[in-house]
Every structure is written in structure tokens, then in C-alpha cells.
Amino acid sequence: MTGEPRPGLAERQAELVAALVAGGAPPAGFAPGPLAAARAALLRKRAGEVARHWPLLAAGLGHGWPATFARWASGRPTTGSLRDGWDLARTLRERGALPPAGAEELAVREAGLRYDGHTAPRPRRLPAVTRAGGAVAVQIAGRVRLLRPAPRPPAPAADVGGGLSDAAGSAAWISD
């Protein structure tokens, strides 16, 4: 064996990587089923990494987090977990689908860091006020504070008359 790579190996590897993480066409010679399974596994792993950097965004989306992230991330190569979460949060804000906890997290991040969507985030030097989904955050002298939390939707009213559980989970009843 020689130490030289086979002709076209780099191109085939690039095609495989593009198919797995950037929504590229499956390369010749790869079965579509296992390739799709590997792509789904990589998206789940990527969603977990982003959730570690954006825990409030992930928690705000609840059980819908993996599916929401997978829809957004499929076809997009990663730019890193922090930036992927930031870009997803901005996309959800534009669509009006950003949960309140995610809005607060986004406002705090944007108050403390400058991110243009293309280069790595950098700390802000000047004071800043940012808004996201009704949340307001301010950064002064390197300290970030959430001034106003994002509005929460009203909680559903509990049916206290029919012996159903109230908001605290206890059975509610009234005795005459």
C-alpha cells in the first residue's frame, strides 16, 4: 500500500458529509435507509448540544423541541451550538413562535453579546437594551439584567365545581 489517497476519495467524503449534515443528495453507493437513520441521529445529537447552550429555549418548546430543531436544522450545516441556537431563536421570533422563556434567553444573550449572524459572538463594550418577544434586557458595565420578562399566556381556568383537579393538582369541591 502506498501512502497516497485514492483519487476522488476527498470528493466522496465531502459528498457524504454534505448528505449527512447539510441536506445534500445521497452519494452513489450508499443505501438511503441507513443514511437517513444516520442523518436523524446526528440531528438528535446536535439538538442536544444546542439545548445545553440554550436550555430555556429548549424547555420553552417542551416535547416539541427535537422536531422543531430538526425541521430548522435539516439542510443547514452547523455553525456551532451557541450560534445554531441563536439563529433558531431569531427565526422563531420572526415567525412569532418564540416561547416566553426562549424570548428572555434571547434578550439576555443579545444584550451581553454582539452577533451579526455570520461571525462569532463578541462581548458588547457599550451599554445595550434589547427586546425579544416582549422581554427586555439591559447590559451596563458588562452586567446583564432582565428588566421585563416576556408575557406568559394566561393559564387555563380550572373547573372547580365538577370535582376535577384545580391548578395545584388537588381535587376541588365545595360543600354547602
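The rules behind the values
- Residues numbered from 1 in each chain as written.
- Predicted model: local features only at pLDDT ≥ 70, side-chain atom pairs only at ≥ 80, totals over all residues.
- Heavy atoms only, no water.
- Buried < 20%, exposed > 50% of the residue type's maximum accessible area, 1.4 Å probe, protein only.
- Helix = DSSP H or I, 4+ residues; strand = E, 2+ residues; numbered from the N terminus.
- Arc of directions from axis to C-beta.
- Contact = heavy atoms within 4.5 Å.
- Axes fitted to C-alpha atoms, helices over the stretch in contact; angles between N-to-C directions.
- Nonpolar A, V, L, I, M, F, W, Y, C, P; charged D, E, K, R; others polar.
- Pairing = 2+ DSSP bridges.
- Salt bridge = Lys/Arg side-chain N within 4 Å of Asp/Glu carboxyl O.
- Core = buried A, V, L, I, M, F, W, Y, C linked by side-chain atoms within 4.5 Å.

## A closer look at helix H4 (residues 65-73)
Turning to H4, its buried residues number three or more, namely Trp-65, Thr-68, Phe-69, Trp-72 and Ala-73. Down the axis of H4, the smallest arc covering the buried residues is 120°, so these residues share one side. Contacts from the buried residues of H4 go to helix H2 (32-53), helix H3 (55-61) and helix H5 (81-95). Directly after H4, the chain includes Gly-75, whose backbone phi takes a positive value near 90°.

## As for the packing of helix H1 (residues 9-21) against H2
Following both chains from N to C, one finds H1 and H2 inclined at 60°, their axes separated by 8 Å at the closest point. Together, Leu-16, Ala-19, Leu-20 and Val-21 of H1 and Leu-35, Ala-38, Arg-39, Leu-42 and Arg-46 of H2 make up the contact between the two elements. Residues that form the contact of H1 with H2 fall into these classes: seven nonpolar, no polar and two charged.

## Some points on the sheet that holds strand E3 (residues 128-132)
An order of E3-E4-E5 is seen for the three strands of this open sheet, with the pairing classed as antiparallel. One side of each edge strand has no neighbouring strand; the edge strands of this open sheet are E3 and strand E5 (143-148). Direction aside, the axes of adjacent strands within the sheet are offset by 25° on average. Pairing analysis gives five bridges linking E3 to strand E4 (residues 135-140), with the strands arranged antiparallel. Each residue of the ladder has a partner; that of Arg-131, found in E4, is Val-136. Sheet strands in contact with helix H6 (residues 100-112) are E3, E4 and E5, and its direction is about 25° off that of E4.

## What to know about the pairing of E3
Burial along E3 is one-sided: the face carrying Ala-128, Thr-130 and Ala-132 is buried and the face carrying Val-129 and Arg-131 is not. With antiparallel pairing between neighbouring strands as the criterion, E3 and E4 make up a hairpin whose turn holds two residues, including Gly-133 at a positive phi of roughly 55°.

## Here we look at the pattern of salt bridges
Tallying each qualifying case throughout the model produces four salt bridges. Notably, a salt bridge pairs Glu-110 with Arg-90, separated by 2.7 Å at the nearest N-O pair. Of this pair, Glu-110 sits in helix H6 while Arg-90 sits in helix H5; the two residues are 20 residues apart in sequence, bridging distant segments of the chain. In this structure, Glu-110 and Arg-90 share a single accessibility class: buried. Across the pair Glu-110 and Arg-93 runs a salt bridge whose closest N-O atoms are separated by 3.4 Å. Taken together, the positions of Glu-110 in helix H6 and Arg-93 in helix H5 put the pair 17 residues apart, joining distant regions of the chain. A cluster of three or more residues bridged by salt bridges with shared partners is formed by Arg-90, Arg-93 and Glu-110.

## Looking at the nonpolar core
Core analysis: the biggest nonpolar cluster contains 25 residues, and Trp-54, Leu-57, Trp-65, Phe-69, Leu-88, Leu-98 and Leu-106 have the highest contact counts within it. Elements supplying a minimum of two residues to this core: H2, H3, H4, H5, H6 and E4. Non-local contacts of Leu-98, meaning those with residues more than four positions away in its chain, are made with Leu-57, Ala-89, Leu-92, Arg-93, Ala-103 and Leu-106.

## Topic: unusual backbone geometry
Of note in this structure, Ala-141 is not a glycine but carries a positive phi near 55°. Assignment of secondary structure puts Ala-141 in the loop between E4 and E5.

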